[in-house]
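# Summary of the model geometry
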Amino acid sequence: MRVVDAFREAYGAEPAGVWHAPGRVNLIGEHTDYNDGFVLPFAVPWGVTAAVSPREDGVIRIRSLQAPGKDQVLDDPDRAEGWARYPVGVVWVMRERGLPVGGADIVMDGDVPAGAGLSSSAALEVCAALALNDLYDLGLERMELARIGQKAENDFVGMPCGIMDQAASALSQEGHALFLDCRSLGSRSIPFDLAAHGLQLLIINTGVHHELADGQYARRRRDCENAAKHLGLASLRDVTDLTAALARLSGDERARTQHVVTENHRVEAVIGLLRAGAVQEIGALLNASHLSLRDQYEVSCDELDVAVESAIKGGARGARMTGGGFGGSAIALVADDRVDRVRATVAGAYEERGWAAPEFLPAVPAPGARRLA
Ligand code: GAF
């Protein structure tokens, strides 16, 4: 394994073990996780692999094959920079919690496509959490590892994300989507076998990234929290009468509420269809999710809208943006015999506008985080 060779070269010894954690794509349930709602993501075949050994002196030495020549040697996690803040943040959270986590020698290797919004950050966090859990015998459950990853991202990196991405990376099962209730943190694996129905889920990576990091995500969270407060509810999950709730709200709070409440229902509807063996029927719900994210939640962008619209024009059964928005990827549900036409239509629409060609990746549900050696 490449990462083991790199570990030997960096630290002159064999690693104690090798771990892998995947990125994720979200089928449906967008911007619902931090509203105590429902999500339905699955792990992708790309992620982060780490060779790791424990150290007794508390020091963390960390290297990435994607950042050659930028090794970091840290006697204080707070000094970590750039990409290393995600895995080192996990050490910080574990120590804050009083867990007996010493130092570590770490080499990481990632293959999540750049700019795709497929959560390489959650993969970095969950990979580190799983390795440290094993090496320091912490005995933590998978969901606890996901929560530690989320806390690292919230409090150490400073991105106020929900739990979806880390949970998807830590708990997904091959061939299944992960239904997660973000309030109870109860989860269920739902069989998701598109090939059996002659279908594919195509990831369309726009390769662009607008503004998400510049506070738009945090603003959406605040809109939702304010709306719940106005309604006297703990969270938007608790809205039972949407019409009555909307009558009491206005402006952004009203629009965000409409998205979150209807999106939760769309997740439940998709699960109903998957259980009924009617996966080909979920397309309309993907389309509705996209319109709601575009018009009510306002987290789409031209590149995502064009990807979705041209995929449908090319014959997709449904399509939507996936992930946080403002760039990243869209997904399209496409019958096998229409894949070429969908790709050509989307690529043509991008070319017409003078945009860089999007990347097409088949999304097949992969296993969640695991020890490889
Ligand atoms: C990002 C966040 F990290 C997730 O927690 C989730 O809120 C998602 O955006 C939107 O559904 O990926």
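Residues numbered from 1 in each chain as written. Predicted model: local features only at pLDDT ≥ 70, side-chain atom pairs only at ≥ 80, totals over all residues.

### Things to note about the nonpolar core
- Within the largest apolar cluster, 104 residues are counted, with the highest numbers of intra-cluster contacts made by A50, V126, C127, A311, A330 and A332.
- The residue makeup of this core includes at least three contributed by each of domain 1 (2-192 + 367-371) and domain 2 (195-362).
- Aside from chain neighbours lying at most four places away, what touches A50 is V3, V18, W19, I106, V107, M108, C127, A128 and A131.
- Grouped together as the second largest cluster of nonpolar side chains are eight residues, A228, A245, V260 and V261 included. (Core = buried A, V, L, I, M, F, W, Y, C linked by C-beta atoms within 7 Å. Buried ≥ 20, exposed ≤ 12 C-beta atoms within 10 Å, placed from the backbone. Domains from an automatic or database assignment. Contact = placed C-beta atoms within 7 Å.)

### Looking at helix 6 (residues 216-231)
- Here helix 6 is 16 residues long and its end C-alpha atoms lie 23 Å apart, about the 22 Å a rise of 1.5 Å per residue gives.
- Every buried residue of helix 6 is accounted for by Y217, R220, D223, C224, A227 and A228. The buried residues of helix 6 occupy an angular sector of 130° when projected down its axis, which confines them to one face.
- Of the surrounding secondary structure, the elements contacted by the buried residues of helix 6 are helix 8 (251-275). (Helix = DSSP H or I, 4+ residues; strand = E, 2+ residues; numbered from the N terminus. Expected span 1.5 Å × (residues − 1). Arc of directions from axis to C-beta.)

### Describing the pairing of strand 2 (residues 38-55)
- Most of strand 2 sits inside the fold, with 13 of its 18 residues counted as buried.
- Direction of pairing for strand 1 (residues 17-28) relative to strand 2: antiparallel, over a ladder of 10 bridges. Each residue of the ladder has a partner; that of N26, found in strand 2, is P41. (Pairing = 2+ DSSP bridges.)

### Quick look at the site of the ligand
- Lining the immediate surroundings of the ligand are E30, H31, D33, Y34, C161, G162, M164, D165, G323 and G324.
- Among the residues forming the shell around the ligand, the class breakdown is three nonpolar, four polar and three charged. (Near = placed C-beta within 6 Å. Nonpolar A, V, L, I, M, F, W, Y, C, P; charged D, E, K, R; others polar.)

### Quick look at the UniProt feature "active site" (unreviewed entry) in the protein
- In the numbering adopted here, UniProt assigns the feature "active site" (unreviewed entry) to D165.
- Within the secondary structure, D165 sits in helix 5 (residues 164-171).
- Excluding anything up to four places from it in sequence, D165 contacts R24, S119 and A122. (UniProt positions renumbered as here; feature names shortened; annotations may be inferred.)

### Points about the UniProt feature "domain: GHMP kinase C-terminal" (unreviewed entry) in the protein
- Per the UniProt record, the feature "domain: GHMP kinase C-terminal" (unreviewed entry) sits at residues 273-350.
- With 51% helix and 18% strand, residues 273-350 has end C-alpha atoms that lie 33 Å from one another.

### Section: the sheet that holds strand 8 (residues 199-209)
- Pairing in this open sheet of four strands is antiparallel, and the strands run 9-10-8-11 from one edge to the other. Taken across any chain shown, the strands that pair with only one partner, and hence form the sheet edges, are strand 9 (318-322) and strand 11 (359-362). Here the average twist between neighbouring strands, direction ignored, is 25°.
- Lying on the sheet, helix 9 (residues 283-295) is in contact with strand 9 and strand 10 (327-335); it crosses strand 9 at an angle near 40°. (Axes fitted to C-alpha atoms, helices over the stretch in contact; angles between N-to-C directions.)

### Some details on the confidence of the model for the protein
- Residues with a pLDDT of 70 or more make up 99% of the protein, whose mean pLDDT is 97.
- Across the assembled chains, the prediction reports ipTM 0.99 with pTM 0.98. (pLDDT = per-residue confidence, 0-100.)

### Things to note about the environment of D75
- With respect to the helices, strands and loops of the structure, D75 is situated in the loop between strand 4 (72-74) and helix 2 (85-96).
- Put simply, D75 and I60 are 15 residues apart on the chain and 6.5 Å apart in space, counted from C-alpha to C-alpha.

### Let's talk about the packing of helix 3 (residues 120-135) against helix 5
- Closest axis-to-axis distance for the helix 3/helix 5 pair is 9 Å, and the angle between their directions is 55°. On the basis of the axis angle, helix 3 is oblique to helix 5. As for how helix 3 packs across helix 5, the hand of that crossing is right-handed. Residues A122, A123, E125 and V126 of helix 3 pack against D165, Q166, S169 and A170 of helix 5. (Parallel < 35°, antiparallel > 145°, perpendicular 65-115°, else oblique. Left-handed = near helix turned anticlockwise from the far one by under 90°.)

### A look at the domain arrangement of the protein
- Here the domain parsing of the protein yields domain 1 (2-192 + 367-371) and domain 2 (195-362).
- Computed from C-alpha coordinates alone, the two centres of domain 1 and domain 2 are separated by 25 Å.
- With 25 residues of domain 1 at the contact, the number on the domain 2 side is 38 residues.
- Only strand 1 and strand 2 provide two or more residues apiece to the side of domain 1 that touches domain 2.
- When residues of the side of domain 1 that touches domain 2 are assigned to their parent elements, the largest contribution, four residues, is made by strand 1.
- Each residue belonging to the side of domain 1 that touches domain 2 can be placed in one class, and the counts come to 14 nonpolar, eight polar and three charged.

### Observations concerning unusual backbone geometry
- If you check the backbone angles, D36 has positive phi at about 60° while not being a glycine.
- Secondary-structure assignment places D36 in the loop between strand 1 and strand 2.
- You can call D36 buried: it has 21 C-beta atoms within 10 Å.
- You will see that L185, though not glycine, has its phi angle at about 65°, which is positive.
- When the 14 C-beta atoms within 10 Å are taken as the criterion, L185 is described as partly exposed.

### Let's talk about the pairing of strand 9
- Across the five residues that make up strand 9, a large majority, five, are buried.
- Sheet topology note: the strand 9/strand 10 ladder contains five bridges and is antiparallel. Note that in strand 10 the partner of T322 across the bridge is S329.
- Hairpin connection of strand 9 to strand 10: four residues between the antiparallel strands, including G323 at a positive phi of 90°.

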